[in-house]
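Residue-level listing of the chains:
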Amino acid sequence: MIRKATMDDVQELASNMREDDQKECWDIARMDPFTAAAAGYASGTAEALVSDGGCFVGLAGVVPKDNGEGLVWMLTTDKVKEHALQLVREGRDWLDAVSKDYTRIHNVVTVQNKLHVRLIKAMGFTFRPKVNNYFGLGVDVYPFERK
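**Topic: the side chain of Arg 104**
Here comes step 1: Residue position: Arg 104 is located in the loop between α4 (84-99) and β5 (105-110).
Here comes step 2: Polar side-chain contacts of Arg 104 include one of 3.1 Å to the side chain of Glu 69.

Shown next as structure tokens:
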């Protein structure tokens, strides 16, 4: 189930964020888990990812850019591993709905965040060639997009 996020969800995510997501937040944006989750929530587009059994899996959203594009994001707990199939199935439908408001939605994922790379591919995103040393931050990323 995908529903509107709350500040309680932000706290839950900040306390239980996957290690690879924590590292990605720090490596790309120099944000700790709470700051990253709160920034997503503050964008006004945050949705909570919750399993059919009520298990909190993470947060996701699309931040509008001035050029008609959207910056898609997702941060998860370790529970995403147990609920990946449901997330992909419902995530595709959610992405179909939200992407209609944008010319394209896109972002980057660190090469080391292998689980998210697999999830992003399964949700129908196209990957571009790897970018080494992204913005001089010492981290390699895969840009991805969905039109």
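**A closer look at the packing of aromatic side chains**
Here comes step 1: Evaluation of the coordinates by the stated rule reveals four aromatic pairs.
Here comes step 2: Aromatic pair Phe 125 and Phe 144: ring centres 5.0 Å apart, planes at 85°, arrangement edge-to-face. Note that Phe 125 is positioned in the loop between α5 (114-122) and β6 (126-127) and Phe 144 in strand β7 (residues 141-146), a separation of 19 residues in sequence. Of the two residues, Phe 125 and Phe 144, neither departs from the other in class, the shared state being buried.
Here comes step 3: Summarising the aromatic geometry, the rings of Phe 127 and Phe 144 are spaced 5.9 Å apart at their centres and angled 35° between planes, so their arrangement reads as tilted. Here Phe 127 is found in strand β6, whereas its partner Phe 144 is found in strand β7, with 17 residues between them in sequence.
Here comes step 4: Exposure remark for Phe 144: the relative accessible area of 6% places this residue in the buried category.
Here comes step 5: Every member of this aromatic cluster is reached through a ring pair, and the members are Phe 125, Phe 127, Tyr 142 and Phe 144.
Here comes step 6: For the cation-ring pair, Lys 121 lies above Phe 127, with the distance from its terminal atom to the ring centre recorded as 5.5 Å.
Here comes step 7: A cation over a ring is seen here: Arg 146 above Phe 125, with NZ or CZ 6.0 Å from the ring centre.

**Side note on the packing of helix α1 (residues 7-16) against helix α3 (residues 33-42)**
Here comes step 1: For the pair α1 and α3, interaxial distance at closest approach is 8 Å and the crossing angle is 150°. Considered as vectors, α1 and α3 are oriented roughly antiparallel to each other. Relative to α3, α1 is oriented so that their crossing is right-handed. Taking contact as the criterion, the partners of Met 7, Val 10, Gln 11, Leu 13 and Ala 14 in α1 are, on α3, Pro 33, Phe 34, Ala 37, Ala 38 and Tyr 41.
Here comes step 2: Of the residues in the contact of α1 with α3, the class split is nine nonpolar, one polar and no charged.

**Description of the sheet that holds strand β1 (residues 2-4)**
Sheet strands pair via backbone hydrogen bonds, and the direction of the pair is either parallel or antiparallel.
Here comes step 1: The strand order β1-β2-β3-β4-β5-β7-β6 describes an open sheet built from seven strands, whose pairing is mixed. Two strands in the sheet have a free side with no partner beyond their single neighbour: β1 and β6.
Here comes step 2: Pairing between strand β3 (residues 56-64) and strand β4 (residues 70-76): seven bridges, direction antiparallel. Paired with Leu 59 across the two strands is Leu 75, which belongs to β4.
Here comes step 3: Running at roughly 110° to β3, α1 makes contact with β1, β2 (47-50), β3 and β4 of the sheet.

Basis of the calculations
- Residues numbered from 1 in each chain as written.
- Predicted model: local features only at pLDDT ≥ 70, side-chain atom pairs only at ≥ 80, totals over all residues.
- Heavy atoms only, no water.
- Helix = DSSP H or I, 4+ residues; strand = E, 2+ residues; numbered from the N terminus.
- Polar contact = N/O pair within 3.5 Å; in protein donor to acceptor, adjacent residues only side chain to side chain.
- Phe/Tyr/Trp six-rings, centres within 6.5 Å; stacked < 30°, edge-to-face > 60°.
- Buried < 20%, exposed > 50% of the residue type's maximum accessible area, 1.4 Å probe, protein only.
- Lys NZ or Arg CZ within 6 Å of the ring centre and 35° of its normal.
- Axes fitted to C-alpha atoms, helices over the stretch in contact; angles between N-to-C directions.
- Parallel < 35°, antiparallel > 145°, perpendicular 65-115°, else oblique.
- Left-handed = near helix turned anticlockwise from the far one by under 90°.
- Contact = heavy atoms within 4.5 Å.
- Nonpolar A, V, L, I, M, F, W, Y, C, P; charged D, E, K, R; others polar.
- Pairing = 2+ DSSP bridges.

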